[in-house]
Amino acid sequence: MLTLRLLPEDELAGVADPEQCVELAVPRRMQGTITVRTLRLTPADLVRLRTETDLALADIRTEVMRAEAAWRGRLAQWHAEGRAAVEATELDTALLSLVLEGLRASL
């Protein structure tokens, strides 16, 4: 879980860029251990990060929905083609009886 913290003034004393007053902690799980990496950002960087993340997630959602609609369309087409093929084909009873006879003979 990401955590944000606004750094107090005393922690910003002597820092090269005091505008980077927001600390973002990013935990990572690696081989059973959790490590936390911290990043310092400006408030403007944080807003930009949020905006870009929202845009990227919206693009991903759109692509997933498009792929799902295409998959459902192909599935419906395959179903319709399969049903039409089954309904159009007359059963070859002679072939079925040969298969049954072959099965009986193998028992």
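Preceding block: the structure.
So, here is what we can say about the structure in this document. Predicted, not measured: the structure shown is a model, and the values here were computed from it. (Residues numbered from 1 in each chain as written. Predicted model: local features only at pLDDT ≥ 70, side-chain atom pairs only at ≥ 80, totals over all residues. Heavy atoms only, no water.)

## Considerations on the pattern of salt bridges
Stage number 1. With the rule as written, the count across this model stands at six salt bridges.
Stage number 2. In this structure, Asp54 engages Arg50 in a salt bridge whose closest nitrogen and oxygen atoms are separated by 3.1 Å. Taken as a pair, Asp54 and Arg50 lie in helix H2 (residues 43–88) at a separation of four residues, close to a single helical turn.
Stage number 3. A relative accessible area of 37% places Asp54 in the partly exposed class.
Stage number 4. Between Glu63 and Arg66 there is a salt bridge, and its shortest N-O distance comes to 2.8 Å. A residue pair is termed a helical-turn pair when its members lie 3 or 4 positions apart in one helix, as Glu63 and Arg66 do in helix H2 at three residues.
Stage number 5. Judged by relative accessible area, which is 46%, Glu63 ranks as partly exposed. (Salt bridge = Lys/Arg side-chain N within 4 Å of Asp/Glu carboxyl O. Helix = DSSP H or I, 4+ residues; strand = E, 2+ residues; numbered from the N terminus. Buried < 20%, exposed > 50% of the residue type's maximum accessible area, 1.4 Å probe, protein only.)

## What about the environment of Asp59?
Stage number 1. As for its position among the elements, Asp59 is in helix H2.
Stage number 2. Look at Asp59 and you get exposed, because its relative accessible area is 53%.
Stage number 3. Spatially, the C-alpha atoms of Asp59 and Arg40 are 27 Å apart, while their sequence positions differ by 19 residues.

The quantities given are spatial measurements derived from coordinates; they are silent on function.
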